Amino acid sequence: MTRSPEHLPTRPTWRCQACGIAWPCSAAKLRLLGRYRHDRAALIAHLTALQREAAVQLAELDGGTPRVDVAERFAGWARPR
């Protein structure tokens, strides 16, 4: 029985290892919400740290131009509405 790959980021492109779309994909978001279901502040802190790392790496891939969508992509979805 083969295990399907986890929905984790591939650095420095920040695409999902399992499905290839921009990370965090829907499956990764569900996994993160489950893991941090009792501590939303810790989830946002974790995502913010990843956001900082991704912003640097994605800018390097884009000739040094900062990406404007990184904040919403990484942490915006996890904030309570």
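For clarity, every value in this text was computed on a predicted model and none was experimentally measured.

Side note on the overall build of the chain
Looking only at helices and strands, one finds 3 helices and 2 strands in the chain. Each helix and strand of the chain, placed in order from N terminus to C terminus, yields the pattern β-β-α-α-α. If you line up the chain on its principal axes, its C-alpha atoms span 40 × 35 × 15 Å. Within the chain, the fraction of its 81 residues that count as buried is 32%.

Section: the nonpolar core
In this structure, W14, W23, L32, L43, L47, F74 and A78 are the most contacted members of the largest nonpolar core, which totals 18 residues. Secondary-structure elements contributing two or more residues to this core are helix 1 (26-35), helix 2 (40-61) and helix 3 (70-74). With 6 residues, helix 2 is the single largest residue contributor to this core. With sequence-adjacent residues up to four places away left out, W14 is seen in contact with P9, I21, A22, W23, L50, E53, A54, Q57, L58, R73 and F74.

With respect to the packing of aromatic side chains
For the structure shown, the criterion picks out 3 aromatic pairs. Plain terms: the ring middles of W14 and W23 are 6.2 Å apart, the flat faces sit at 55° to each other, and that makes the pair tilted. On the accessibility criterion, W14 (0% relative accessible area) is buried. Here the aromatic rings of W23 and F74 are separated by 6.0 Å at their centres, their planes lie at 50°, and the arrangement is tilted. Taken as a pair, W23 in the loop between strand 2 (15-16) and helix 1 and F74 in helix 3 lie far apart in primary sequence, 51 residues in all. Under the relative-accessibility criterion, W23 is labelled buried at 2%.

Describing the pattern of salt bridges
Inspection of every chain in the model, using the stated rule, returns 2 salt bridges. A salt bridge links E53 to R11; its shortest N-O distance comes to 2.6 Å. Note that E53 is positioned in helix 2 and R11 in the loop between strand 1 (9-10) and strand 2, a separation of 42 residues in sequence.

A closer look at the side chain of Q57
One can find Q57 in helix 2. On the basis of relative accessibility, which here comes to 19%, the residue Q57 falls in the buried class. A distance of 2.6 Å separates polar atoms of two side chains, one belonging to Q57 and the other to W14. Aside from chain neighbours lying at most four places away, what touches Q57 is R11, P12 and W14.

The rules behind the values
- Residues numbered from 1 in each chain as written.
- Predicted model: local features only at pLDDT ≥ 70, side-chain atom pairs only at ≥ 80, totals over all residues.
- Heavy atoms only, no water.
- Helix = DSSP H or I, 4+ residues; strand = E, 2+ residues; numbered from the N terminus.
- Buried < 20%, exposed > 50% of the residue type's maximum accessible area, 1.4 Å probe, protein only.
- Core = buried A, V, L, I, M, F, W, Y, C linked by side-chain atoms within 4.5 Å.
- Contact = heavy atoms within 4.5 Å.
- Phe/Tyr/Trp six-rings, centres within 6.5 Å; stacked < 30°, edge-to-face > 60°.
- Salt bridge = Lys/Arg side-chain N within 4 Å of Asp/Glu carboxyl O.
- Polar contact = N/O pair within 3.5 Å; in protein donor to acceptor, adjacent residues only side chain to side chain.

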